[in-house]
Amino acid sequence: MRLAATLQDVQAAASRCLRDARCTYGSWPENRVLCPLYAHDPSFTFSGGGYLFLILALLDNKIDFNQSTAEFAFSCTGCLACDSNCHLFSAHAPYAGILDAVRLLRAEAVRKGFIPEGVRKVYDRVKKTGDYGHASALALPEKIRDDAAATVIFAECAHTPSQKEVSAAAVRLLEKIGRPVSVFSERGCCGSTLYDLGLWEELEPLVRANWARMEPMREKMFVFMSPHCQEFVVRRYPEILPDAAPVNGRHISQLLAGAFKEGRLKSRNAGKIKVSYHDPCYLGRGLGIYDAPRDVLAGLEGVELVEMARNREDSFCCGARTPGGYIPGLAEDTARERLREFEATGADLLVTACAYCRDSFRKVMPVKDRARVKDLTELVDERT
Amino acid sequence: MVIKVVGVEREAACREIREAIGAEKVRDDEITLVTYGRIRHGFDTMWPFRKPCMVVFPESREDVVETLKIANRYVIPVTSVGTSAIMLGTTEGGIILDQRRRDKVLEINTDSGYAVIEPGVSFDKLTAALRGTGYKCAVGTMPGPGTVLGQALSRGSQSFSTRYLNVVVDLEVALPDGTVYSTGSSHFAGVGSHLRYGPYPDLAGLYLCAYGAMGVVTKAAVRIHPANEASRVNLAGFDSYADAVDFIKELVNHNIPEHTFIWNWHMYLTWPLAPEDMASVMPEVLRSDFRKPPEGTPYNIVSTLFSGYPDQVELYEKICERVAKKYHGRVLPEEEVEKRFPATAAGFKQQYGDFHYRESVHWSKGRFVGWYVFGEPKDMKEVEKFAAGEFAKFGKEINPVNYYSHPFDYGRSILLRIAGFPEPTDIELRRKIAKKFDEMYDVALKRYRAVPIRPIGSDRAGTYMKVLARIKKALDPNNILNRDAGLFEEGEL
């Protein structure tokens, strides 16, 4: 979505909504509910279509923009289930997704000064520093570090407590693989958080500054640990900056799957364990990467994968990145619902491939159980 | 009857409803109310925006009954809806009864051939529940998420109509005073829903095409049909609608189709489009004159579903070939359809193979404006020419001009549904089209004896509407049910 877009730009596309809740549930014949809002409170309002109708009502002056509208706009978990299942909105100009329309609504809220408390902290900081997050210093061991290497690790800033541990495990794995790599450290945030939160005025300078540093490296292979950063850099940079070309991006799970295949990573038998894999929304629905993490798990001796009822394209969100307060407890309830589904599998360990998911699940688990949630990199590091 | 409910009374009613059924089933926040202010799809600005005072999400029959009783006492209008409502208007300050949470398939009876469902059950849900039972449902002309009963009660055209007739066998209905009754055989204690009516009159008929104005359906038995050993969809191409009508009429007279449908070329090309096909197929269609298909592209394709024993199906295929030739058409081999019209082939495969209606991108060309009439077969040949001529006058800006046509009740009546897709935000053009449609309905009625699918004004239905209004007054004396559904103009009896 262009940063200059307005609500009027999506009016015609939004008018195509059939009000049929198709955006809320997954593949036939299971028809499992995937939209966290709809799962929480099944109504038209709490669906992708509800957001579209709210936009239409705002444009038609049936409701005023206010703090409550803003809280609602920021209550979508952004899981992309709507865009995976409804093809009506995206088939016509401006060829955007329903989630893009939600982000547009958020940008409008920010422009009008209606900023939820959970977003205010980010907004104030970006206003003050021009960035969000800290430039990461991902220390690669000397034996693999090579600034001329064809593979570049995209070092994400740490918005999440888990990122540090995920990054550390990834570095250890890169050392085990033994191929030369270099590091790209953002100035701070790649911009995905600002984009999602509707801080669009502040976004373009940030993206432009990052791209200026990435552009000389764009022929190289960028490896991402965060699906959010990967989706944003690969897909959105070219949308936001007309002169930016898509970078060649891979997720760390793809790198690991390749390393197993080439024999550069070898599994050691660390005992039998049943694991269930949670498809992160942006890695799965966002980037279409479903097989690589499963291939990695299949490469680990003694690891048995037990799928949750909702998996792959029909995965259910972890509830992270829900800063709005319109539905109290939505983020936590969503994480708990997913954990119940995990428990139903009888698996010992819940594996994910996104630091946000790891945090979200751990946050609602009893302290004694938190070690039952791991990032894929951590599990592979432990068992190779 | 003019309803006047003051704010204090409305607040009291809302409070009582909350207490009666549970606050978690009631929403009255501003965002919910405005997103239910126009329940027709597409926030159609042609329809009046009327903000309800609350939206109720019943989870049981008792929730429905309690809500109705309180609303009736305070004389607050109630609009009962499922998902993907087509023709329902809302009422300012009324209550929306959104039945989507009542979505259980309660019983599948493969001995008699019916399924008992709650009002919120969608086609997707029912078709999924029927998998492996040896039965299939009469998939309607709605996307999968649309509710089965929503279509039945608001007279969707019901695509499997040839042999299957109406989908409803038995309805459980709640009236505003709290009375709950069944229209069919289940009214007798311990009896199932195998019989729609008898020994008494067919009361289920009172609710079909009534848009919820005669009572709130709380449960229904709908027809399901055996998925036979062999099943086949035959596609035959014709260069004129008249030939296509003669073809289906002859097949129907010989008891061959379970279902048969005539599609015009704009529709069979664009209706089943997947998003990835939009760029390749749609642009050419948008530039074309729907009355003049490109060389070699049939003006109409007739899809005919038949099933039975394998040798029976084989014989039917041969008969189709012979009858198609008789009426100047030809059966299109499967390979040819897959090669020339791959999206069409995929769409038919999904609809007839899985009995699951694909959510088609065709809808997203815009909110369609549709004109629908029923007529006798020979009249319909003229109606098609008339309607096509009138649609052509709107120009290519409403392309694709999609129509389908199919026989009801073994061909006694034939439906033609023709629709265009003006830009959803072009209100002026949409108004112009709506006005034109009214004139066209008049012409169709007077010149071609064709009746509209939707209410077009009580002045044209005469005594029928007067009798209906008397029945309505008996069932709903305070006129609270689906007042603005369009059955009685602007809710006035």
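*Asks:* An account of the overall build of chain A is needed here, citing residue identities and associated values.
*Replies:* Along the backbone of chain A there are 17 helices and 8 strands. Over its C-alpha trace chain A gives a radius of gyration of 20 Å, about what one expects of a compact globule, namely 21 Å for 384 residues. Its C-alpha atoms give chain A principal-axis dimensions of about 65 × 45 × 35 Å. By residue count, 64% of the 384 residues in chain A fall in the buried class. Long-range pairs, those at least 24 residues apart, make up 78% of the contacts in chain A between residues at least 6 apart in sequence. Here chain A has roughly 14,000 Å² of accessible surface; of this, 49% comes from carbon and sulfur atoms. Each charge sign in chain A was given a centre, from 51 positive and 50 negative side chains, and these centres are 3 Å apart.

*Asks:* Hey, could you go over the sheet that holds strand β5 (residues 273–277) of chain A for me, with residue numbers and the actual values?
*Replies:* Residues and elements named next belong to chain A. The strand order across the open sheet built from 4 strands is β6-β5-β7-β8, with neighbouring strands paired in parallel fashion. Each edge of the open sheet is held by one strand with a lone partner, namely β6 (303–305) and β8 (373–375). Averaged over all pairs of adjacent strands, the angle between their axes in this sheet comes to 35°, without regard to strand direction. The pairing of β5 with strand β7 (residues 349–352) spans 3 bridges and is classified as parallel. Looking across to β7, one finds that Tyr 277 is bridged to Val 351. Helix-sheet contacts for helix α14 (residues 291–298) involve β5 and β6, and the interaxial angle to β5 is about 175°.

*Asks:* Summarise the interface of chain A and chain B; cite the residues concerned and give the values.
*Replies:* If you look at the interface, chain A gives 39 residues, while chain B gives 45 residues. Across the interface of chain A and chain B, roughly 3,600 Å² is buried in total on both sides, 62% from carbon and sulfur atoms. Counting the surface chain A buries against chain B, the share from its top three residues, Leu 18, Arg 19 and Trp 28 of chain A, is 21%. Here chain A and chain B share 4 salt bridges between them. A salt bridge links Asp 41 of chain A to Arg 101 of chain B, with the shortest nitrogen-to-oxygen separation between them at 2.4 Å.

*Asks:* I'd like a description of the sheet that holds strand β1 (residues 151–155) of chain A, backed by residues and values.
*Replies:* Residue and element names in this part refer to chain A. Across the sheet, which stays open at both edges, the 4 strands sit in the order β2-β1-β3-β4 with parallel pairing between neighbours. The open sheet terminates on both sides in strands that have one partner only, identified here as β2 (182–185) and β4 (248–251). Neighbour-to-neighbour, the strand axes of this sheet turn through a mean angle of 35°, independent of strand direction. Of the pairings in the sheet, the one linking strand β3 (residues 221–224) to β4 comprises 4 bridges and is parallel in character. In the strand pairing of β4, Met 221 is matched with Asn 248. Packing of helix α12 (residues 252–262) onto the sheet brings it into contact with β3 and β4, and relative to β4 it is tilted by some 75°.

*Asks:* Summarise the environment of Val 303 of chain A; cite the residues concerned and give the values.
*Replies:* Residue and element names in this part refer to chain A. Along the chain, Val 303 falls in strand β6. Val 303 sits in the buried class, given a relative accessible area of 14%. When residues no more than four places from it in sequence are discounted, the contact partners of Val 303 are Ile 273, Val 275, Leu 297 and Arg 383.

Rules and cut-offs
Residues numbered from 1 in each chain as written. Chains lettered and ligands numbered in written order. Predicted model: local features only at pLDDT ≥ 70, side-chain atom pairs only at ≥ 80, totals over all residues. Heavy atoms only, no water. Helix = DSSP H or I, 4+ residues; strand = E, 2+ residues; numbered from the N terminus. Rg over C-alpha atoms; globule rule 2.2 N^0.38 Å. Buried < 20%, exposed > 50% of the residue type's maximum accessible area, 1.4 Å probe, protein only. Contact = heavy atoms within 4.5 Å. Areas by Shrake-Rupley, 256 points an atom, 1.4 Å probe, with all protein chains shown as cover. Lys, Arg positive; Asp, Glu negative; His and termini not counted. Charge placed at Lys NZ, Arg CZ, Asp CG, Glu CD. Pairing = 2+ DSSP bridges. Axes fitted to C-alpha atoms, helices over the stretch in contact; angles between N-to-C directions. Buried area = accessible area lost by both parts, 1.4 Å probe. Salt bridge = Lys/Arg side-chain N within 4 Å of Asp/Glu carboxyl O.

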